[in-house]
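Residue-level structural notes
Spelled out from the first residue to the last, the chains are:
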2 protein chains.
Amino acid sequence: MLSTCLSRWGYRIKHIDIRPEPTATGRADGIQPRSLDLLRNMGLKSAIMAHRPARVYEVAFWDPSESSKGIARTGTWASCPSFIDARYPFTTLLHQGHIERVFIADLGKNGTEIQRPWTITGFQTRNPDTSEYPVQVELQHVNGTEKETVNAKYLFGGEGARSFVRQQLNIGVQHKDPIAHVWGVMDGVVKTDFPDIKMKCTIRSQHGSVMVIPREDNMVRLYIQIASSTDADWSPRKTASEFEVQASAKRILQPYSIEWEHVEWYSVYPISQGISDRYTLDQRVFLGGDACHTHSPKAGQGMNTAFLDALNLAWKIHVVESGFADRQLLATYESERKAVAESLLDFDNRYAKLFSQRPPVASEVQAASETLPGAGLDADNAFVRTFKESCEFTSGYGVSYQPNALNWSPDHPAQSPLVQPSGTTLRSGRLFVIADVTRVADANVVHLEQEVPLNGSFRIFLFAGDPVKNRAALRDLADNLTSAESFYTAYARADIDGVSHHEKHNPHSLFFTLCTIFAAKRHDIEIAREVPSVLARYRHHIYADDRWDRRVPDSKAPAHAKMGLDEDKGGVVVVRPDGYVGLVAALVEGPGTVDALNAYFSAFCTKTFGKATCQP
Amino acid sequence: MLSTCLSRWGYRIKHIDIRPEPTATGRADGIQPRSLDLLRNMGLKSAIMAHRPARVYEVAFWDPSESSKGIARTGTWASCPSFIDARYPFTTLLHQGHIERVFIADLGKNGTEIQRPWTITGFQTRNPDTSEYPVQVELQHVNGTEKETVNAKYLFGGEGARSFVRQQLNIGVQHKDPIAHVWGVMDGVVKTDFPDIKMKCTIRSQHGSVMVIPREDNMVRLYIQIASSTDADWSPRKTASEFEVQASAKRILQPYSIEWEHVEWYSVYPISQGISDRYTLDQRVFLGGDACHTHSPKAGQGMNTAFLDALNLAWKIHVVESGFADRQLLATYESERKAVAESLLDFDNRYAKLFSQRPPVASEVQAASETLPGAGLDADNAFVRTFKESCEFTSGYGVSYQPNALNWSPDHPAQSPLVQPSGTTLRSGRLFVIADVTRVADANVVHLEQEVPLNGSFRIFLFAGDPVKNRAALRDLADNLTSAESFYTAYARADIDGVSHHEKHNPHSLFFTLCTIFAAKRHDIEIAREVPSVLARYRHHIYADDRWDRRVPDSKAPAHAKMGLDEDKGGVVVVRPDGYVGLVAALVEGPGTVDALNAYFSAFCTKTFGKATCQP
């Protein structure tokens, strides 16, 4: 993910992998709804979906039967219930090798080949704040025949739980849950009369517990807990043979039968929850993925969290290296992503406890699953609350970042009263809300949140409200955006006069894409008449907010309504390159709106702007 | 399309093409909504969409301005308005070469390579009713160096308007509209301030007329009428240079500017409306596509009609050759597809006249576009009526087949009173209605109409209604389906005992796939308890009708409701392999429902069944 983003944005990448080949079998497989959004935004989703992953919409719970021997289903719940406004409300399950190859192919298109089987033998950082290539890295072929020394701007260690880079940096790992486990995992094709074999299932029986996860190509994955550090005879080296795990699964699934036709992959490994003390020491050598956080595989979060670690770092390196943002911005990688990992571990524990206490009553699951936001959910019920949080977390939509220079809060230097206008449902540090709109130029119905590709640019969504009533505000916004002292002008492209008229996303600046959304019907919007020229230049990014949405069925401007923005007055939303809201501001006549944006960007950019009100 | 279907179904295909390479530039480009459904059903849609075709959602009309010089927009209308319940309510525009290559790649996977540049030099049919390979075909390389003689079961000529096969058969062509035209067509990249350059536009000015069609890769296609047989100086050989066409477009588009940056393809060709008298003489040598029908390119129907010609013939050849249907079934290819071509030519004329008389008033377009079915459309308004018909026709959803052995009518041999129960909105000979349902086995939300792939099987949709109230009817249906004298048993697979338990679509018969849809919530359906074993074997095809649909917002069983089937009583829908409804029957206790199906299939199958009531 990191190499893919940076290769696309023009950086030279040396990517080594200790394995001689891409993953052939096994390993990670779950892609959560938010990651599907991200892959779509990168244009990689369809290549992954072409492998026909299994899709998990519901999770089934099985417990010892009260009325007979064996197990019985106690309930099911939605994997991504309707209270989460997700574009793809399911998790896909697909072999990691297929996913890797999609990334590898994309890397190849951008000139990056993975060098394998190579490993890192040492590295050293000198003058990280002043040197252009401060990291010296020693690499060698695994058979020791070849060596290389690379002078790099950055080093990223995504080598997994036993990260050499982390160990060399003497970064410790904290274990939140003192209990360790040994897991057996088996991918294969089975013949069974168990009715939920195509569902994700958590099965508890008197013979032990198993988790069932459907896979592509008629396969199924079983996770079986083989040992726990709470066992009397605990050993982290305890193991079990393929045959023993199969026999165990047979006992657990009674009264249903299960026979293996083919075993694709089988592995036993100890896992303990752990989190790295630091993600970097010098903002030059970074860690991410399992090198920073380990946890049980049950919630399918490993690959997704690693994706988002890498994404978070990628765009920040880009905006720093391209001269847009202060180098200090890189410190937000650790603060943002370590907090997410801590939530993940915390969630991992609570998720386990949620079901160890008592199975939920059907009415609780119903209430929690089907309640739309604002419909009076019973927030006093601990189960419902934890259920909601866990769904938001596992879907990826619940991940949020704490206040900092990027994520506005009342402590942010941008102190305009226009920021975070009352009524808006958007929150700085959370994902932008999904919405359908109609593109004015070609009448295409599009997904607004996907309209700006993952290109390293901030996405500035101008919800323009009523085209007539708001005409002066929009004109003032355009005038102030294009004034000499604005953040927008400050980062204009050096080659601005030579940019092709076909350029859709970055005609003026590589760091911003402007989208204008009117609360009007498409055929009532005449770009030449309504839209100031700086915005009209993004003719591919002018939209009519005229698509009916079931979540706001009575609204005439559903996208405005979903964002909590007035359909007359609109508002401005700054979305970070990774899709998280940075700041929301009211759209008003006069310079106030752009002043607020100037102040926001001044907080982390290399320049300060116009009338920005900055606190020291 | 024909070769692709038959190759997939295991037939040996000799496919020759006179061109040395697949299409490099130009030619057809429009894929209508119904064709997108078909491509999706074949698993080819995503490969085509990967080329990022332009999507047409609306058509804009421009006429001489009343208030100034040049042209002005008089209105827009939806390309596939909401009264059509389309899964993909847009037309895609993509270079024919990309589409061809997707088919060629699929052919390759199934062992068929296109032999080029080869041509046909002669053919002869001997004993078409008794010989196994009655058609002797002479082929040669275009340079004359190599020759081949092929003994074939069938010969299909899809060689375009000047078809050698058609000429050899002495089949005449009728010209419905005596007026011929010369068209210029230009694909290229332009720079323009014309606001609708990304829309499909019909532009009429005092300097002539042009049609604008957006394309992939920033391209646009312009169609300009260069001459008409009504002109005083008419010549079908009149031509115009690239430069002349560009100059003409400049004049027509005033007051807007247009400059060409790149011309991809330019061609001038005369077109006259024509329709072939016959599509076959002996049910062995067939014609399809432009070999049978030619018309103006404006409505984008050429490739789509050719697709559907080929699809219609493909499955009929398959069911005849595999011993399922009588050879007489092949006669329905000409009767069904020639009637469609006649409608197309008729539509082509009316479409032109619709706008030559007067431009529609905005309120008419509004009324016609937004009215949902049954909401009291003003059917007396000729414009609204023609508009609706034209939308249905161009989208492909309006194409319907007349009564015959496949498409039930009161004259059909199947005379059961259970057929076509009152209330159903489905009509024999029209497309099955789209609906979302939840698959019980894995809780996936799926598109019911897409669940059975294009595999040559009839799709039998058992809308099972209420699982409790209808239990006896469903059991009786299952019992009668599996009785020795049923149509279902008659065509059981010879290898039925060796079929893998993973087989999803054809566990019992290669000619039928059964889908069972309950009017219940997914979690209330227990397959082992509710579903008779013959239906339960299709565990991938058991669904809960529990997905809310905006078109029937108050229904608890929206798919039942959309089909006009009672949510308690359900009904049985037989859908032909190409997606058109063959017959709808009530689902009742006793043998009546299966008797009706026996009678239906007896009308065109090689066997007769049970208690089928057949008229001589």
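Residues numbered from 1 in each chain as written. Chains lettered and ligands numbered in written order. Predicted model: local features only at pLDDT ≥ 70, side-chain atom pairs only at ≥ 80, totals over all residues. Heavy atoms only, no water.

Per an unreviewed UniProt entry, the recorded name for chain A is FAD binding domain-containing protein, and the organism is Trichoderma cornu-damae. According to the UniProt record, the Sequence similarities (unreviewed entry) comment for chain A is "Belongs to the PheA/TfdB FAD monooxygenase family." (UniProt positions renumbered as here; feature names shortened; annotations may be inferred.)

**A word on the pairing of strand β13 (residues 180–192) of chain B**
In regular strands, side chains alternate between the two faces of the sheet. All names here are of chain B. A large share of β13 lies buried, amounting to eleven of its 13 residues. Pairing geometry for β13 and strand β17 (residues 258–272), over 13 bridges, is antiparallel. The residue of β17 that forms the bridge with Asp187 is Trp265. (Buried < 20%, exposed > 50% of the residue type's maximum accessible area, 1.4 Å probe, protein only. Helix = DSSP H or I, 4+ residues; strand = E, 2+ residues; numbered from the N terminus. Pairing = 2+ DSSP bridges.)

**Points about the nonpolar core**
A general feature of soluble globular proteins is that nonpolar side chains tend to end up buried together. Grouped together as the largest cluster of nonpolar side chains are 136 residues, with contacts concentrated most on Ile203(B), Phe324(B), Phe458(B), Phe487(B), Phe512(B), Phe601(B) and Phe604(B). The residues contacting Ile203(B), other than those within four sequence positions of it, are Trp62(B), Ile71(B), Phe194(B), Gly208(B), Ser209(B), Val210(B), Val212(B), Ile252(B) and Leu253(B). Ranked by size, the runner-up nonpolar core spans 135 residues in total, among them Val137(A), Ile224(A), Tyr488(A) and Val574(A). (Core = buried A, V, L, I, M, F, W, Y, C linked by side-chain atoms within 4.5 Å. Contact = heavy atoms within 4.5 Å.)

**Examining the pattern of salt bridges**
Taken as a whole, this structure holds 66 salt bridges over all chains when the rule is applied. Note that Asp106(A) and Arg8(A) form a salt bridge whose closest N and O atoms lie 2.8 Å from each other. Of this pair, Asp106(A) sits in helix α4 (residues 96–109) while Arg8(A) sits in helix α1 (residues 2–8), and the two are 98 residues apart along the sequence. Asp495(B) is paired through a salt bridge with Arg493(B); the nearest N and O atoms lie 2.8 Å apart. Judged by its relative accessible area of 41%, Asp495(B) is partly exposed. Residues participating in the shared-partner salt-bridge network are Asp29(A), Asp187(A), Arg215(A), Glu216(A) and Arg221(A). (Salt bridge = Lys/Arg side-chain N within 4 Å of Asp/Glu carboxyl O.)

**So, the packing of aromatic side chains**
Tallying each qualifying case throughout the model produces 67 aromatic pairs over all chains. A ring pair is formed by Tyr88(B) and Phe90(B), whose centres lie 6.4 Å apart and whose planes are at 65 degrees; its orientation type is edge-to-face. Overall, the relative accessible area of 4% leaves Phe90(B) in the buried class. With a centroid separation of 5.3 Å and 85 degrees between ring planes, the pair formed by Phe458(B) and Phe601(B) is classed as edge-to-face. Taken together, the residues span a long stretch of sequence, with Phe458(B) in strand β23 (residues 458–465) and Phe601(B) in helix α16 (residues 592–602) at a distance of 143 residues. By relative accessible area, Phe458(B) is classed as buried at 0%. Among the aromatic residues, those joined into a ring-pair cluster are Trp315(A), Phe324(A), Phe458(A), Phe487(A), Tyr488(A), Tyr491(A), Phe511(A), Phe512(A), Tyr600(A), Phe601(A), Phe604(A) and Phe609(A). One Lys or Arg, Arg284(B), reaches over the ring of Tyr154(B) and ends 5.0 Å from the middle of that ring. The ring of Trp548(A) has Arg550(B) sitting right over it, with the charged end atom 4.0 Å from the ring centre. (Phe/Tyr/Trp six-rings, centres within 6.5 Å; stacked < 30°, edge-to-face > 60°. Lys NZ or Arg CZ within 6 Å of the ring centre and 35° of its normal.)

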